[in-house]
Amino acid sequence: MCENRNASEMHVKSVYHSADSILRVLKAEQVNTLRGVEILLKRFNDKFPEGEVNFSNVPRKEVFIVFEGLDGSGKSTIAKEVSKIYKGAMLATPPKSISDIRKIFDGYQPSVRKAYYSLGNYIAAKEILDICEEKPVFLDRFWHSTAAYALAQECDGQQLSSLPSAGDPVYKWPEDLIKPDLVLFLDVTEQTRNIRHARRVKRGETTKEEEQLVKDEAFRNLVLAAYKNMDDIPVVHVDSSYSVKQTVAQCLKHIEQLLPCKTNVDS
Ligand SMILES: Nc1ncnc2c1ncn2[C@@H]1O[C@H](COP(=O)(O)OP(=O)(O)OP(=O)(O)O)[C@@H](O)[C@H]1O
Ligand SMILES: Cc1cn([C@H]2C[C@H](O)[C@@H](COP(=O)(O)O)O2)c(=O)[nH]c1=O
């Protein structure tokens, strides 16, 4: 349906580029009375009592590094290990402060559901900036994930060529959101990813996206292609098919360029 069109012609509804645009959707009539939305807006207002969000030029004392990749690629494991090495903080999105309402949003229409993830990035950003006053932050997923999965879902069931092409404004990093110092994308073969991710499926902890990612190669390719088109902030690919120790060592090679490592880690 959206083949060979740009994002504005596609009327992309669930990729947000500012906190204001997210809040407009959540505060709209019929949406603002949904139980989950009421809770989310209250939590947001508690975090931003002044009602304004703009992180564009806020300085940071410590670095902020994001781990990206498909489900089961090892993001949380590697982020945790790396944060131990640097005595940093390991966080994830959606942030803990709103993770209890994630399931409620799973039942809402895509634009509202993705507004939850998107606003979660701003709430996380506030927490990240506070922590970065003292120590480095290693984050499991950020805006790249939010936008890549949202776009793939809007083009679901269609050819790869239905995605807006590279350079389209839809891939632009939001001006009012903090920019990571480094984004590490963990690559794994599909076979390895399935083995790793299976443990989670067994525990019944999966979302719609995760289930679709396993079953549907076309969807997986859409997510990966959307990630690739986001070139505003350089994404560094790391092969995560090897052991945790080896993958951590690969990541450290990139992180050390920003943050010298005080501990001795052998690969
Ligand atoms: N490099 C690795 N080598 C071997 N096993 C790994 C590696 N990285 C992670 N694992 C294992 O794979 C499983 C999934 O890893 P993890 O939860 O870190 O992935 P994730 O990318 O954060 O997944 P999700 O996005 O679904 O939360 C875990 O059981 C973990 O112990
Ligand atoms: C943060 C975030 C996540 N999702 C989707 C992508 C994954 O398939 C699932 C589970 O992710 P998790 O890392 O295991 O929590 O949620 C998304 O679509 N948009 C987002 O912003």
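Because the structure is predicted, anything quoted here is derived from the model rather than measured. (Residues numbered from 1 in each chain as written. Chains lettered and ligands numbered in written order. Predicted model: local features only at pLDDT ≥ 70, side-chain atom pairs only at ≥ 80, totals over all residues. Heavy atoms only, no water.)

Q: Describe in detail the overall build of the protein chain, supporting the description with residues and values.
A: Along the protein chain, the regular secondary structure elements total 12 helices and five strands. Its C-alpha radius of gyration of 18 Å places the protein chain within 12% of the 18 Å reference for a compact globule of 267 residues. Dimensions of the protein chain, computed from C-alpha atoms along their principal axes, come out at roughly 55 × 45 × 40 Å. By the burial criterion, 50% of the 267 residues in the protein chain qualify as buried. Counting 37 positive and 38 negative side-chain charges, the protein chain places the averaged centre of each group 5 Å from the other. (Helix = DSSP H or I, 4+ residues; strand = E, 2+ residues; numbered from the N terminus. Rg over C-alpha atoms; globule rule 2.2 N^0.38 Å. Buried < 20%, exposed > 50% of the residue type's maximum accessible area, 1.4 Å probe, protein only. Lys, Arg positive; Asp, Glu negative; His and termini not counted. Charge placed at Lys NZ, Arg CZ, Asp CG, Glu CD.)

Q: Quick one: what's the story with the pattern of salt bridges, residue by residue and with numbers?
A: Tallied over the entire structure, the rule returns 13 salt bridges. The partner of Asp100 in a salt bridge is Arg43, and the shortest N-O contact between them spans 2.8 Å. Residue Asp100 is found in the loop between α5 (96-99) and α6 (102-106), and its partner Arg43 is found in helix α3 (residues 35-47); the two are separated by 57 residues along the sequence. Accessibility expressed as a relative area gives 52% for Asp100, which makes it exposed. In this structure Arg43 comes out as partly exposed when scored by relative accessible area, which is 27%. One salt bridge connects Arg113 with Asp106, and the closest N-O pair in it is separated by 2.9 Å. Taken as a pair, Arg113 and Asp106 share a single burial class, namely buried. Where salt bridges share partners, they join Asp106, Arg113, Lys114 and Glu209 into one cluster. (Salt bridge = Lys/Arg side-chain N within 4 Å of Asp/Glu carboxyl O.)

Q: Can you tell me about the environment of Lys96, naming the residues and giving the values?
A: Residue placement: Lys96 occurs in helix α5. Considered as a pair, Lys96 and Leu26 are 70 residues apart in the sequence and their alpha carbons are 20 Å apart.

Q: Describe in detail the sheet that holds strand β5 (residues 235-239), supporting the description with residues and values.
A: With parallel pairing, five strands are arranged side by side in an open sheet as β2-β3-β1-β4-β5. What marks the edges here is a single partner per strand, and that holds for β2 (89-92) and β5. Looking at each pair of strands side by side, their axes are set apart by 25° on average, direction ignored. Sheet analysis places strand β4 (residues 182-187) next to β5, joined by five bridges and oriented parallel. When the bridges of β5 are listed, Phe185 appears paired with His237. (Pairing = 2+ DSSP bridges. Axes fitted to C-alpha atoms, helices over the stretch in contact; angles between N-to-C directions.)

Q: Run through the site of ligand 2, naming residues and quoting values.
A: In the neighbourhood of ligand 2, 13 residues make up the surrounding shell, with Asp71, Lys114, Arg141, Thr146 and Arg200 lying closest. Between an oxygen atom of ligand 2 and a side-chain N or O atom of Asp71, the distance comes to 2.9 Å. Spatially, ligand 2 is embedded in the largest pocket. Among the secondary structure elements, those contributing two or more residues to the shell around ligand 2 are α7 (110-131), α8 (143-154) and α10 (208-215). Its residues assigned to classes, the shell around ligand 2 comprises three nonpolar, three polar and seven charged. (Near = heavy atom within 4 Å. Polar contact = N/O pair within 3.5 Å; in protein donor to acceptor, adjacent residues only side chain to side chain. 1 Å grid on protein atoms, 1.4 Å probe; cavity = no way out; pocket = protein on both sides within 12 Å on 5 of 7 lines; lining within 4 Å. Sits in = over half its atoms within 2 Å of the grid points. Nonpolar A, V, L, I, M, F, W, Y, C, P; charged D, E, K, R; others polar.)

Q: Lay out the packing of α8 against helix α11 (residues 217-229) with the relevant residues and their values.
A: Each packed pair of helices is defined by two parameters, the angle between the axes and the distance between the axes. Across the interface, α8 lies against α11 with an axial gap of 8 Å and an inter-helix angle of 135°. Taken together, the axes of α8 and α11 are oblique relative to one another. As α8 runs across α11, the sense of the crossing is right-handed. The segment α8 lies against α11, with His144, Ser145, Ala148, Tyr149, Leu151, Ala152 and Gln153 engaging Phe219, Leu222, Val223, Ala226 and Tyr227. (Parallel < 35°, antiparallel > 145°, perpendicular 65-115°, else oblique. Left-handed = near helix turned anticlockwise from the far one by under 90°. Contact = heavy atoms within 4.5 Å.)

Q: Could you give an account of the site of ligand 1, naming the residues involved and the relevant values?
A: The local shell around ligand 1 holds 20 residues, among which Lys75, Thr77, Arg199, Arg200 and Tyr242 are the closest. Here Arg141 contributes a side-chain N or O atom positioned 3.2 Å from an oxygen atom of ligand 1. Taking Arg196, its side chain carries an N or O atom lying 3.1 Å from a nitrogen atom of ligand 1. When isolated, ligand 1 has an accessible area of 630 Å², and the protein chains bury 78% of it. Of the pockets mapped on this structure, ligand 1 occupies the largest pocket. (Areas by Shrake-Rupley, 256 points an atom, 1.4 Å probe, with all protein chains shown as cover.)

Q: Describe the environment of Leu224, listing the residues and the values that go with them.
A: In this structure, Leu224 sits in helix α11. Considering only alpha carbons, one finds Leu224 and Ser145, 79 residues apart in sequence, at a separation of 10.0 Å. When neighbours within four sequence positions are excluded, Leu224 is seen to be in contact with Leu70 and Phe185.

Q: I'd like a description of the UniProt feature "domain: Thymidylate kinase-like" (unreviewed entry) in the protein chain, backed by residues and values.
A: Taken from the UniProt record, the annotation "domain: Thymidylate kinase-like" (unreviewed entry) applies to residues 67-248. Secondary structure content for residues 67-248 is 51% helix and 12% strand, while the C-alpha to C-alpha distance between its ends is 12 Å. (UniProt positions renumbered as here; feature names shortened; annotations may be inferred.)

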